[in-house]
Structures are given as structure tokens and as C-alpha cells.
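Geometric and topological summary
Read off the chains here:
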Amino acid sequence: MYRLLCDATLMVVWDSLPNDASEQLTLALAEVCDDPDAAEPWGIDDGIHRQIVKPLVTVLLTVNREAKTVRIYDIEYRR
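It should be emphasised that the depicted structure is a prediction, and the values quoted were computed from it without experimental measurement.

**What to know about the environment of A38**
Among the structural elements, A38 can be located in the loop between helix 2 (19–34) and strand 2 (40–41). For A38, a relative accessible area of 35% translates into the label partly exposed. Placed 14 residues apart in sequence, A38 and I52 show a C-alpha to C-alpha distance of 8.6 Å. In contact with A38, other than residues within four places in its own chain, are E31 and V32.

Here is the structure:
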């Protein structure tokens, strides 16, 4: 299991999402914390930069396999 890292600004964005988008994000991040390869490559497939694309939300993140962390870099609500 990987630890999820998210700064305070992105937590505000996450908290402001409508319930259905927040649920999509939460479930997708839980899956990625269990298996980082569940997220798609973001740019070049370097195994570090990943993205989650769901109908209501897109998330950019990085995976640090050595430290076993997943860090969120951007959350975008897709209206």
C-alpha cells in the first residue's frame, strides 16, 4: 500500500468537488495507492508520472516506488 500525499491547496479543491466527482476521485486514488500501475502514464511512460482520467475528474500525480508514496499535483473537475 502506498501513502497518499496531497498539499492543503489541493485538499481544498478536492473538498470543493461535487459529491459524485469526489467519490470518483476517492475510489480512483484508493486503487492507485493499492496498485500505482492502475493509473495511466502521464507523458512518457517513466513509471513515475501518472494520470487518472474519470468522467468527472482528472488527476495528475507522481509515484515514488522507493518511498511508497503517491503525490497529487493537480485535480481538475471536468464539467
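**Overview of the side chain of T62**
Of note, T62 is situated in strand 4 (residues 57–64). With a relative accessible area of 15%, T62 lands in the buried category.

**Structural notes on the sheet that holds strand 2**
Ordered in space as 1-5-4-3-2, the 5 strands form an open sheet in which the pairing is mixed. The open sheet has two edge strands, strand 1 (3–5) and strand 2, and neither has a second partner. Strands in contact with helix 1 (residues 8–16) are strand 1 and strand 5 (69–77); relative to strand 5, the strand with the most contacts, it is inclined by about 50 degrees. Its contacts with the sheet place helix 2 against strand 1, strand 3 (49–53), strand 4 and strand 5, and it is angled at close to 20 degrees to strand 4.

**Concerning the pattern of salt bridges**
Going through the model one piece at a time under the given rule, you end up with 3 salt bridges. For R50, the salt bridge is made with D37, and the minimal N-O distance between the two is 4.0 Å. Of the two residues, R50 is situated in strand 3 and D37 in the loop between helix 2 and strand 2; the sequence distance between them amounts to 13 residues. Relative accessible area serves as the criterion here: at 5%, R50 is assigned to the buried category. The class of D37 is partly exposed, set by a relative accessible area of 47%. As a salt-bridge pair, R50 and D45 come within 3.0 Å of each other at their nearest N and O atoms. Three or more residues are tied together by salt bridges with common partners; here these are D37, D45, R50 and R65.

**Brief notes about the side chain of T69**
For T69, the position within the fold is in strand 5. Overall, T69 belongs to the buried group, its relative accessible area being 7%.

**Here we look at the nonpolar core**
L25, I52, L61 and I75 are the most contacted members of the largest nonpolar core, which totals 19 residues. Looking at this core, the elements with two or more residues in it are helix 1, helix 2, strand 4 and strand 5. With 5 residues, the single largest contributor to this core is helix 2.

Parameters and conventions
- Residues numbered from 1 in each chain as written.
- Predicted model: local features only at pLDDT ≥ 70, side-chain atom pairs only at ≥ 80, totals over all residues.
- Heavy atoms only, no water.
- Helix = DSSP H or I, 4+ residues; strand = E, 2+ residues; numbered from the N terminus.
- Buried < 20%, exposed > 50% of the residue type's maximum accessible area, 1.4 Å probe, protein only.
- Contact = heavy atoms within 4.5 Å.
- Pairing = 2+ DSSP bridges.
- Axes fitted to C-alpha atoms, helices over the stretch in contact; angles between N-to-C directions.
- Salt bridge = Lys/Arg side-chain N within 4 Å of Asp/Glu carboxyl O.
- Core = buried A, V, L, I, M, F, W, Y, C linked by side-chain atoms within 4.5 Å.

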